[in-house]
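# Observations on the three-dimensional arrangement
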Amino acid sequence: QVQLVESGGGSVQAGGSLRLSCTASGGTFNGRVTAWFRQAPGKEREFVAAIARYGTNTKYADSVKGRFTISRDSAKTTVYLQMSSLSTTDAAVYYCASDRSIIWSQITLGPYAYWGQGTQVTVSE
């Protein structure tokens, strides 16, 4: 049973940067598509970014392209989301999700078998 734990959230001023981490226990991210989603108060959860199960193929939501970068460490136990040029519209709870079977064309929708508990990102003016 894989468990995902997010960390790195916090408060930052607009224009600042944060790096989120998603660590897998009980397994690795090898062979799994891993994605970041976010949910702001009163809004639906939305896709942010994903990285392919093998290699470095990635996909981003239009709203974060050029500002966010998803990556995975060489041991494949941690997936990162580097966020820069943050704005108040990026404030949300960020969730890590991972799945071995999901096909690439469905990565923005899921379903994902494993989810983390979320980490809060707050952006102030």
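Each remark here, short or long, concerns the structure printed above.
Along each chain, residues carry numbers from 1 onward, in the same order as the chain's sequence is written. Note on the predicted model: pLDDT of at least 70 is required for a residue's local features to be given, and 80 or more for side-chain atom pairs to be given and counted; whole-chain, interface and lining totals, by contrast, use all residues. Heavy atoms throughout the structure, all of them, feed into the side-chain values; hydrogens and water do not.

### Details of the nonpolar core
Within this scheme, the nonpolar core is defined by two criteria: the residues are buried Ala, Val, Leu, Ile, Met, Phe, Trp, Tyr or Cys, and they are joined through side-chain atoms within 4.5 Å. The classification of residues rests on relative accessible area computed with a 1.4 Å probe and restricted to protein chains. Under 20% of the type maximum is buried, over 50% is exposed, and intermediate values are partly exposed. Counting residues in each nonpolar core, the largest one holds 36 residues, and the members touching the most others are W36, L81, M83 and Y94. Secondary structure is summarised from DSSP: a helix means a run of H or I of at least four residues, a strand means a run of E of at least two, and numbering begins at the N terminus for each. Mapped onto this core, the elements with two or more residues apiece are β3 (18–25), β4 (33–39), β5 (46–51), β7 (68–72), β8 (78–83), β9 (92–99) and β11 (119–124). Among the elements that line this core, the one with the most residues is β5, at five residues. Residues are treated as being in contact if the distance between any of their heavy atoms lies within 4.5 Å. Apart from the residues lying within four places of it in its own chain, the contact partners of Y94 are E6, L20, W36, F37, R38, V48, F68, L81, M83, G118, T119 and V121.

### Focus: the pairing of β11
Strand residues, when the strand is regular, have side chains that alternate between the two faces of the sheet. The two faces of β11 differ: T119, V121 and V123 on one face are buried, but Q120, T122 and S124 on the other face are not. The pairing of strand β2 (residues 10–13) with β11 spans four bridges and is classified as parallel. Among the inter-strand pairings, S11 is bridged to a residue of β11, identified as T122. As paired strands, β9 and β11 are joined by three bridges and run antiparallel to one another. By the bridge assignment for β11, V93 is matched with Q120. In this analysis, strands are considered paired if DSSP registers two or more bridges between them.

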